[in-house]
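Coordinate inspection notes
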Amino acid sequence: MHARKALRAVTLDITGTLLDFGKPVGRTYLEILEKHVQLGANERLALHNGIHRSFAEAYKELRQKHPYYGGKTLSTPDWWHRCIRNTFARCGVHEVPQPAVEEIYAIYEQPSAYTIYPDALRALDVFKQHGLVLGVLTNSDERYDVALLPNMGIRHMFHFVIHS
Amino acid sequence: MSRCFQTWASVTCFTLSFIRKFSHTLFMKIIHFCIGLSILSKNFVSNTTGPIQISLFSSKTELSEKPNSRNFELAHELINSALSKATGTPTQVDPSHIAHIGDDFEADYIGAKRYGFQAFLLDRHGKPERKQKEIAEQAGETQADVLNQPQLYASFDHIIRDLGLERRQFANVASAGSR
């Protein structure tokens, strides 16, 4: 209790803590693909049924193969472009136009792709009122720092962002 | 002089937004390069009104992720420097005076505890059985200590209450009003 009275700083995780995806990642992938490609009935069915699992598997595999979103070997966009293409490939869709891949990559820099938890925003205000130093500790890529949090207008609330 | 700067700034902003629109990859590379330079030269991005803003490309340069202690250690160092700057005297806080809040048992809860932060584990979906199962699985993989079952918090409101921050908030509001 004594330590709690002397609280000086709070660090926060982002995904699942401050915000979450507005809708399942697979659904977003499929919706954007359909804007760029005329899908056949079979393809659409395969994607509809399998894309959520395909994304989870493709993401996990790539995180193991190229950790830290590519680390020093791949750039973050290259890592994600690969993850997006692998996701579709696992559902049997191998021809994905580059603009579709780029649109999927870019959408996750937009606040509209996320739901922000109101209790977390209230808490940020309380922490600020108490003069606490605020920081972010996330295992997501650097785009939370350079794109999403600024786009949401809350980057200035944090003294630092440590990301993957 | 300031008009010259404004023109330069607006031209730069326009150029950056133009580049961004047409080549996102190129934009990210420029940002990477600039921030990398600013870290190298220890010239962190700052502004005069808000808090000092620091960006760290920790994994790309250090290759480390939560629950590694390195990430919490970096946070600890940055908190010390922010407090030192704010108070004007060199300040070192004990990690137990820092709270970390997250929803992942291994990355957030264990990582923070191991380094010595206070740790708060969120379970937003209110499914303690599912969360406990997840914890048991992760603990099995990493042999993390789960003998002390972590308390699960459904929202930040409960954490704020446990941190004893809520009451002081009202006190602050009242004193601000009376000024």
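A brief report on the enclosed structure follows. (Residues numbered from 1 in each chain as written. Chains lettered and ligands numbered in written order. Predicted model: local features only at pLDDT ≥ 70, side-chain atom pairs only at ≥ 80, totals over all residues.)

As for the overall build of chain B
Per the secondary structure count, chain B includes 8 helices and 4 strands. A total of 179 residues make up chain B; the buried ones form 27% of that total. Excluding contacts between residues fewer than 6 apart, the proportion of contacts in chain B whose partners are at least 24 apart in sequence is 38%. (Helix = DSSP H or I, 4+ residues; strand = E, 2+ residues; numbered from the N terminus. Buried ≥ 20, exposed ≤ 12 C-beta atoms within 10 Å, placed from the backbone. Contact = placed C-beta atoms within 7 Å.)

A few points about the packing of helix H4 (residues 76-90) of chain A against helix H5 (residues 98-107) of chain A
All names here are of chain A. Viewed as axis vectors pointing N to C, H4 and H5 meet at an angle of 115°, and their least axial separation amounts to 10 Å. One finds that H4 runs roughly perpendicular with respect to H5. Seen from above, H4 lies across H5 with right-handed handedness. From H4, Pro77, Trp80, His81, Ile84 and Arg85 reach across to H5, where they touch Val101, Ile104 and Tyr105. Residue composition of the contact of H4 with H5, by class: 6 nonpolar, 1 polar and 1 charged. (Axes fitted to C-alpha atoms, helices over the stretch in contact; angles between N-to-C directions. Parallel < 35°, antiparallel > 145°, perpendicular 65-115°, else oblique. Left-handed = near helix turned anticlockwise from the far one by under 90°. Nonpolar A, V, L, I, M, F, W, Y, C, P; charged D, E, K, R; others polar.)

Here's the deal with helix H4 (residues 69-87) of chain B
Every α-helix winds through 3.6 residues per turn, so residues three or four apart in the chain are directed the same way. Residues and elements named next belong to chain B. In a regular helix each residue adds 1.5 Å, so 19 residues correspond to 27 Å; H4 covers 27 Å between its end C-alpha atoms and thus fits that length. The set of residues buried in H4 consists of Asn71, Phe72, Ala75, His76, Leu78, Ile79 and Ala82. Where H4 ends, the next residue or the one after it, Gly88, has phi of about 80°, a positive value. (Expected span 1.5 Å × (residues − 1).)

As for the pairing of strand S2 (residues 98-102) of chain B
Taking burial as the measure, the 5 residues of S2 of chain B include 5 buried ones, the bulk of the element. The two faces of S2 of chain B match: Ile98, His100 and Gly102 of chain B on one face and Ala99 and Ile101 of chain B on the other face are all buried. Where strand S1 (residues 9-12) of chain A meets S2 of chain B, 4 bridges bridge the pair, whose relative direction is parallel. Of the residues in S2 of chain B, the one forming a bridge with Thr11 of chain A is His100 of chain B. With 4 bridges joining them, S2 of chain B and strand S3 (residues 118-122) of chain B adopt parallel strand pairing. Each bridged residue has a counterpart across the sheet, and for Gly102 of chain B the counterpart in S3 of chain B is Leu121 of chain B. Crossover S2 of chain B to S3 of chain B through helix H5 (residues 105-115) of chain B is right-handed. (Pairing = 2+ DSSP bridges. Right-handed = clockwise from strand over helix to strand, strands pointing away.)

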